[in-house]
Amino acid sequence: MNFSRKELIETEATMNQVRNAVFHLARLMEKNGIGNSKERFRKMGQNIAKTYINYWKPTDVITLSNLKDVITTIYQKVLNSAVSIEINENEKLVKVRDYNCALCKYHYEDVEIAGCEILLGLVSELITLISKDSYNNTPLLLTPYEVIESRAYGNKSCIQLFKYKFGKGG
């Protein structure tokens, strides 16, 4: 059965195949000496966001005051996951804790990358694209920073960090 991208976004598709493919890809990259896997996974997420935004977005305007709600909605809608979010305004960091990360369900001894590196790219790009498109004079720009814990590494949760700044208006 063939689905359009719009139909795929509207389905309750399982993440098992995606998760398995991600870790097979990680193994293949390592086996073939392909470096920069974190950057490549993040770029993959950014590319997904550039397509995804054509079919769904959680809001039309993003500000620091609604950022937690927007990120929560993205994780719920895209990944069917509930997260806790902390914003550190002094360091301009956003910390997302996910106990049910769809891309890091299992601990893999032979893989040294977290599947949620893809989420760093996807979430940051989606937020930035929406914010730049909102005609806000100071759009909120989110960039991937670091995965500090991952279920794929054997931790109990995935913790992703993003940096934010305010850019020039669109």
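Residues numbered from 1 in each chain as written. Predicted model: local features only at pLDDT ≥ 70, side-chain atom pairs only at ≥ 80, totals over all residues. Heavy atoms only, no water.

### Observations regarding helix H3 (residues 37–52)
Link 1 in the chain: The terminal C-alpha atoms of H3, which comprises 16 residues, lie 22 Å apart, in line with the 22 Å expected from a rise of 1.5 Å per residue.
Link 2 in the chain: All of the buried residues in H3 are Phe41, Arg42, Gly45, Gln46, Ala49 and Tyr52. The buried residues of H3 all sit within an arc of 145° when viewed along its axis, so they share a single face. (Helix = DSSP H or I, 4+ residues; strand = E, 2+ residues; numbered from the N terminus. Expected span 1.5 Å × (residues − 1). Buried < 20%, exposed > 50% of the residue type's maximum accessible area, 1.4 Å probe, protein only. Arc of directions from axis to C-beta.)

### Structural notes on the packing of aromatic side chains
Link 1 in the chain: Taken as a whole, this structure holds 2 aromatic pairs when the rule is applied.
Link 2 in the chain: Measuring from ring centre to ring centre gives 5.9 Å for Tyr52 and Trp56, while their planes differ by 90°; the resulting arrangement is edge-to-face. Considered together, Tyr52 and Trp56 belong to a single accessibility category, that of buried residues. (Phe/Tyr/Trp six-rings, centres within 6.5 Å; stacked < 30°, edge-to-face > 60°.)

### Concerning the side chain of Ser157
Link 1 in the chain: Looking at the secondary structure, you find Ser157 in the loop between strand S3 (140–149) and strand S4 (158–166).
Link 2 in the chain: Using a relative accessible area of 1% as the deciding quantity, one classes Ser157 as buried.
Link 3 in the chain: Within the local environment of Ser157, its side chain forms a polar contact with the side chain of Arg97, the two groups lying 3.0 Å apart.
Link 4 in the chain: In contact with Ser157, not counting residues within four places along its chain, are Arg97, Asp98, Tyr99, Glu149, Ser150 and Arg151. (Polar contact = N/O pair within 3.5 Å; in protein donor to acceptor, adjacent residues only side chain to side chain. Contact = heavy atoms within 4.5 Å.)

### Things to note about the packing of helix H4 (residues 67–79) against helix H5 (residues 117–133)
Link 1 in the chain: As a packed pair, H4 and H5 sit with axes 11 Å apart at the nearest point and diverge in direction by 125°. With respect to H5, the axis of H4 lies oblique. In this structure, the crossing between H4 and H5 has a hand that is right-handed. Where H4 abuts H5, its residues Leu67, Val70, Ile71, Ile74, Tyr75 and Leu79 lie against Leu119, Leu122, Val123, Leu126 and Ile127.
Link 2 in the chain: Its residues assigned to classes, the contact of H4 with H5 comprises 11 nonpolar, no polar and no charged. (Axes fitted to C-alpha atoms, helices over the stretch in contact; angles between N-to-C directions. Parallel < 35°, antiparallel > 145°, perpendicular 65-115°, else oblique. Left-handed = near helix turned anticlockwise from the far one by under 90°. Nonpolar A, V, L, I, M, F, W, Y, C, P; charged D, E, K, R; others polar.)

### Remarks on the environment of Ile130
Link 1 in the chain: Take Ile130: it is sitting in helix H5.
Link 2 in the chain: What makes Ile130 buried here is its relative accessible area of 1%.
Link 3 in the chain: C-alpha separation for the pair Ile130 and Leu140, spaced 10 residues apart in sequence, amounts to 9.2 Å.
Link 4 in the chain: In contact with Ile130, not counting residues within four places along its chain, are Ile53, Lys57, Pro58, Thr59, Asp60, Val61 and Ile62.

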